[in-house]
Amino acid sequence: MAALRLPQARGACLALLVVLGCSRDGGGGYTPEYGPRPPFSLTVYAFGVHPLHNPQRLAEVYGPVVDHVNRNLAGAQLRLEASRSYDEFDRKLAGRQLAFALPNPYQTLSSLRSGYRIFGKMGDDQSFRGILLVRRDSGIRDVADLKGEVVAFPAPTALAATMMPLYYLHTHGLDANRDIQRLFAGSQESSIMSVYLKTSAAAATWPPPWEAFRRREPDVAAALEVRWQTEPLVNNGLVARDDVPPEVVARVGELLFALHTHEAGRRMLAEMALTRFEPADESTYLPVKEFMDTYAGAVR
C-alpha cells in the first residue's frame, strides 16, 4: 500500500484522535444519543433521565435544558441519554454508566450504593403522587371493583406510578399481592394506553406524564378519568457520580436551580410540568426511605 502524503497523514491522525478520543465519563457509545458531539477536547458527561416519557418525547423536553447547561458550562459538556425501559435505566445506574442522572426517588436512594451522591431534586413535591385511571364507561367506582381485574403499572421500580398506587390499593381494601393481576406496561404512556384499550381495568401513572398525555392526545384522554390518587412524597432526585469533579457538579446544579429565574428557563420547566429544581441531599429523602420500609413490609 502506498504511503500517505504528509497532509493526508495529518488528516488521518486527526480523524483517528476524534474516533479514539475518550472522556472521563467512560463507557461511551450507548444509544440513543441526542445532539452533536462536542469537540473531543471537552470532557463529556452522560446525563440520563429515567423513562418519564418515550425517548423522542424525552429529547424534546430535556434537550433544551441540556443545551442551556452546555452553553454555560466551561470545559465540559452534558450528553442527554434516554432509556427505553426502567430496567435499562436501572442497569445504567448500577453499572455507573451515567455521570449525572435524574432518577425517581427510589432509584435516587438505590444509586447511593453505586457511588452516586444527591445534589438536587425536582421541586413541586405535591405533584409527586400516584394516580389511578379508569375508563369513564367502565362502571368502576370503588377500589373493591378491581378485585380479580388487571391493573397496569409502568414498571416495578416506578415509585409514584407503581409502588405508591399499589400501597394505596393495599390500604383501601385489596390485597395487592393476590386480589389483582399486575401488568407492567414498560412506560407511563403504555400504562395509560392499556386502560384506554381495555387491556387493563385501571392504570397507574403520576401527574406530569398524565398532563402531558392529555395535551398530546385529548380525544383519548377524554375517555379516561382519575379515579384515585395517593398522598404525595419527595420528588425525583438529581445525582452525580462520585468521580465527577465537585466544581462541575456545583456549576450544573447552579444552572438548573436558576432555571425558574428567567423566561427561557421557565418555558423549559413548563414542558416538564415543573416550577423549579432545588438543592437536596441524602437527608431530603428520609421520608422516601420510611415509605419504602413500610411498603416492603405491607406489599412485598
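For the structure itself, look to the data block above.
Residues numbered from 1 in each chain as written. Predicted model: local features only at pLDDT ≥ 70, side-chain atom pairs only at ≥ 80, totals over all residues. Heavy atoms only, no water.

Observations regarding the nonpolar core
Across soluble globular proteins, you tend to see nonpolar side chains buried next to one another.
Move 1: By size, the foremost hydrophobic cluster in this structure holds 80 residues, and its most contacted members are Y62, F100, L146 and F277.
Move 2: When residues no more than four places from it in sequence are discounted, the contact partners of F277 are L102, K121, M122, G123, L238, L256, F257, L259, L269 and M272.
Move 3: Counting eleven residues, the second-largest nonpolar core is a separate cluster that includes I131, L133, A152 and L224. (Core = buried A, V, L, I, M, F, W, Y, C linked by side-chain atoms within 4.5 Å. Buried < 20%, exposed > 50% of the residue type's maximum accessible area, 1.4 Å probe, protein only. Contact = heavy atoms within 4.5 Å.)

Some words on the sheet that holds strand β3 (residues 100-102)
Move 1: The sheet built from six strands is open, its strands ordered β2-β1-β3-β10-β4-β11 with mixed pairing. The open sheet is flanked by β2 (76-81) and β11 (277-279), the only strands paired with a single partner. Within the sheet, the average angular offset between the axes of one strand and its neighbour, ignoring direction, is 30°.
Move 2: Across six bridges, strand β1 (residues 43-49) lies against β2 in parallel orientation. What sits directly across from F47, in β2, is L80.
Move 3: Lying on the sheet, helix α9 (residues 246-257) is in contact with β1, β2, β3, β4 (116-122), β10 (237-241) and β11; it crosses β4 at an angle near 10°. (Pairing = 2+ DSSP bridges. Helix = DSSP H or I, 4+ residues; strand = E, 2+ residues; numbered from the N terminus. Axes fitted to C-alpha atoms, helices over the stretch in contact; angles between N-to-C directions.)

A short note on the pairing of strand β7 (residues 181-184)
Move 1: Examined bridge by bridge, strand β6 (residues 150-153) and β7 share four bridges and lie parallel to one another. Directly across from V150, in β7, lies its bridge partner Q181.

A look at the packing of helix α2 (residues 55-71) against α9
Move 1: In the contact formed by α2 and α9, the axes pass within 10 Å of each other and the chain directions differ by 125°. Taken together, the axes of α2 and α9 are oblique relative to one another. In this structure, the crossing between α2 and α9 has a hand that is right-handed. Between α2 and α9, the residues in contact are V65, H68 and V69 and V252, L255 and L256, respectively.
Move 2: When its residues are assigned to classes, the contact of α2 with α9 shows five nonpolar, one polar and no charged. (Parallel < 35°, antiparallel > 145°, perpendicular 65-115°, else oblique. Left-handed = near helix turned anticlockwise from the far one by under 90°. Nonpolar A, V, L, I, M, F, W, Y, C, P; charged D, E, K, R; others polar.)

With respect to the sheet that holds strand β5 (residues 131-135)
Move 1: Taken in spatial order, the five strands of this open sheet run β7-β6-β8-β5-β9, and their pairing is mixed. Among the strands making up the open sheet, the edge pair consists of β7 and β9 (224-229). Strand-to-strand twist across the sheet, computed as the mean angle between neighbouring axes with direction ignored, equals 30°.
Move 2: Packed onto the sheet, helix α6 (residues 188-196) meets β5, β6, β7, β8 (202-205) and β9 and runs at close to 160° relative to β8.

Quick notes on the environment of T157
Move 1: Structurally, T157 is set in the loop between β6 and α5 (159-170).
Move 2: C-alpha of T157 to C-alpha of D90: the two residues are 67 residues apart in sequence and 8.6 Å apart in space.
Move 3: If near-sequence neighbours (up to four positions away) are discounted, T157 is found in contact with Y86, D90, N104, Y106, Q107 and M163.

Purely geometric numbers; function is a separate question.
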